[in-house]
Amino acid sequence: MNLSEFDSVPLRSEVSDIMDSAEIKVFNKSHSFPVVMGSEEELAIDIGSLRSQSGGVITIDPAYVNTASCQSKITYLDGEKGILRYRGYPIEQLAEKSNFLEVSYLLLNEDLPTASELENLVSQVSTSHNLDPFLNNIIKSYPNHAHPMCILSSLMVSLAVNETGGHELQSSKEASAVLAKVMAQTAILSANISRHGSGLGFIKAEQGLSYSENFLNMMFDNKGHKNFSTMASALDCIFLLHADHEQNCSTSAVRLVGSSQVSLYAALASGVNALWGPLHGGANQAVVEMLESIERDGLSFEQVLDKAKDKSDPFKLMGFGHRVYKNFDPRSKVIKSVCDRLLGDLGVDDPLLEIAKNLENAALEDDYFVSRKLYPNVDFYSGIILRTLGIPTNMFTVIFALGRLPGWFSQWFEMHSSPETKIARPRQIYNGHTNRQYIDISQRV
Ligand code: ACO
């Protein structure tokens, strides 16, 4: 494949004579590999047979910067153009017209549901409210100061106790019922985790409320609040925007762990664990903590940006930058408008919103951020919405996990349904000591 005439990898439609294979020359010997093309014409070289063809040579790509781990039909993302689509539908349209449960159905089933299919999913969710009491006992056994993601992780894997491993699921219809149950139960458990942390008793899920209304009410017993439906719809939009994001760190964890054919719930718990980190879903908590510290310590934006640019300082501008987006994260644009609308509707004047907007403007005018194509990501404004809803800061990443659950599940199901799936097992290049002899402890210096 001769790409020398192109500045970047061409689209298939841009070249008429593009070959279906790529040559890789290893020590003067050429090997031929198939070129795989995605439905949006992205190209990849399938190097699956490199090792056997070349007599042992492998590729190395730390952090998978340049490696597709799978082929998937669920989410399309073009980070250069700032495009995100679930099953082909632009995220902006879904955020405006759809809702979280409908999107959950879409992710798992490939198409939008009919009215009766959606009704069925809603009913499956609302009839899955009965929790085994041992799950609440796990929550109560944790000290109040335990981080909610720590408790959620143990609860997620504990769901496996009463469930099958999920390997018997043959169709997305069968899988829908399991997804509905895990979504319903995780929402209840998450609200209970939060209330336990605040020393409060648990509130039962109710039949007549939507998914997001139920969650808010289980958190705050606030279904009588005059702005309840406005608040629930902002939360629903947050869930929807987080529902999937192709092969991100936590989803890759779900697929990798799931590839050993462990229980579905153990694979989902891996997603929770991976999400917790501040470089991934934990960033929403870190952003608000950063904005709070700017307000508290009276730091100037220049001081904050200088700190973020200083390579000897581990501090980063949280909520900025992305492995894949080198343009605006399309979710952050939607979130910013949801944030403005919610605060306007509720008449809330949060000083952190002003700080966030000014900080964003300052960063977007700073050459360090501009030249590295660092833009606000999904986490930059989501925390301000969650704060406005009254959600405790340490629960923010749990909210992300609730949103991402249908994505993790759908990606797991896609992997599980593919006859080509094998256990994931990367190789390495060993660069430690070569063979040496054991030294008796008396002779070690
Ligand atoms: N603040 C300051 N500098 C940054 C930031 C940031 N937030 N993000 C990236 N950079 C710099 C890096 O130091 C690097 O500089 P260099 O070229 O001089 O070495 C350059 O930009 C490229 O960044 P990488 O670290 O190579 O980007 P990578 O793809 O590995 O990391 C990540 C992406 C983890 C998201 C990073 O941008 C970051 O840490 N951001 C802050 C945390 C955050 O908001 N995470 C949420 C991401 S969205 C999500 O997961 C839901």
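Quick notes on the rules
Residues numbered from 1 in each chain as written. Predicted model: local features only at pLDDT ≥ 70, side-chain atom pairs only at ≥ 80, totals over all residues. Heavy atoms only, no water. Helix = DSSP H or I, 4+ residues; strand = E, 2+ residues; numbered from the N terminus. Buried < 20%, exposed > 50% of the residue type's maximum accessible area, 1.4 Å probe, protein only. Contact = heavy atoms within 4.5 Å. Pairing = 2+ DSSP bridges. Axes fitted to C-alpha atoms, helices over the stretch in contact; angles between N-to-C directions. Expected span 1.5 Å × (residues − 1). Bend = angle between axes of the 7 residues up to and from the residue. Parallel < 35°, antiparallel > 145°, perpendicular 65-115°, else oblique. Left-handed = near helix turned anticlockwise from the far one by under 90°. Near = heavy atom within 4 Å. Polar contact = N/O pair within 3.5 Å; in protein donor to acceptor, adjacent residues only side chain to side chain. Areas by Shrake-Rupley, 256 points an atom, 1.4 Å probe, with all protein chains shown as cover. Nonpolar A, V, L, I, M, F, W, Y, C, P; charged D, E, K, R; others polar. Salt bridge = Lys/Arg side-chain N within 4 Å of Asp/Glu carboxyl O.

Engineer: Is there a simple way to explain the side chain of Asn284 in this structure?
Structural biologist: Relative to the helices and strands, Asn284 is located in helix α12 (residues 283-297). What makes Asn284 buried here is its relative accessible area of 1%. Setting aside anything within four residues of it in sequence, one finds Asn284 in contact with Asp379, Ser382, Phe396, Thr397 and Phe400.

Engineer: I'm lost on the sheet that holds strand β1 (residues 21-26) in this one. Help?
Structural biologist: Strand pairing in a sheet is mediated by backbone hydrogen bonds. Such pairs are either parallel or antiparallel. Read across the sheet, 3 strands follow the order β1-β2-β3 without closing on themselves; strand pairing throughout is antiparallel. The two strands at the open ends of the sheet, each matched to only one other strand, are β1 and β3 (43-45). The average undirected angle you get between the axes of adjacent strands in this sheet is 35°. Across 6 bridges, β1 lies against strand β2 (residues 29-37) in antiparallel orientation. Each bridged residue has a counterpart across the sheet, and for Ile24 the counterpart in β2 is His31.

Engineer: Explain helix α18 (residues 396-417) here, please?
Structural biologist: Every α-helix carries 3.6 residues per turn, so stepping three or four residues along brings you back to the same face. Taking 1.5 Å per residue as the helical rise, α18 with its 22 residues ought to reach 32 Å, and the 32 Å between its terminal C-alpha atoms agrees with that figure. Of all the bends found along α18, the most pronounced is centred on Arg404 and spans about 45°, while Pro406, a proline, follows it within four residues. Burial analysis of α18 places 20 of its 22 residues in the buried class, which makes it a mostly covered element.

Engineer: What should I look at first to understand the packing of helix α3 (residues 100-109) against helix α7 (residues 172-197) in this one?
Structural biologist: Packed helix pairs are specified by the crossing angle of their axes together with the interaxial distance, meaning the distance between the axes. Packing of α3 against α7 leaves a shortest axis separation of 10 Å and a crossing angle of 140°. When the axis of α3 is compared with that of α7, the two are oblique. Regarding α3 and α7, the two cross each other, and that crossing is right-handed. The segment α3 lies against α7, with Phe100, Leu101, Ser104, Leu108 and Asn109 engaging Ser172, Lys173, Ala175, Ser176, Leu179 and Met183.

Engineer: Even after reading the chapter, I still don't get the site of the ligand, so can you show me in this structure?
Structural biologist: Surveying the vicinity of the ligand reveals 21 residues, the closest of which are His280, Leu317, Gly319, Arg323 and Tyr368. At 2.9 Å from a nitrogen atom of the ligand is found a main-chain nitrogen or oxygen belonging to Phe320. Its free accessible area being 910 Å², the ligand has 75% of it covered by the protein chains. A class-by-class count of the residues in the shell around the ligand yields 11 nonpolar, 5 polar and 5 charged.

Engineer: Can you walk me through the pattern of salt bridges in this structure?
Structural biologist: Oppositely charged side chains are able to pair whenever their charged atoms sit close together. Counted according to the given criterion, the structure contains 14 salt bridges. One salt bridge in this structure joins Glu292 and Arg387, with 3.1 Å as the shortest N-O distance. Highlighted residues: Glu292 in helix α12 and Arg387 in helix α17 (residues 379-388), separated in sequence by 95 residues. With relative accessibility at 28%, the residue Arg387 sits in the partly exposed group. Asp350 is the salt-bridge partner of Arg387, the closest N and O atoms lying 2.9 Å from each other. With Arg387 in helix α17 and Asp350 in the loop between α14 (330-346) and α15 (351-364), this pair connects stretches of sequence that are 37 residues apart. One network of salt bridges, in which partners are shared, links Glu292, Asp350 and Arg387.

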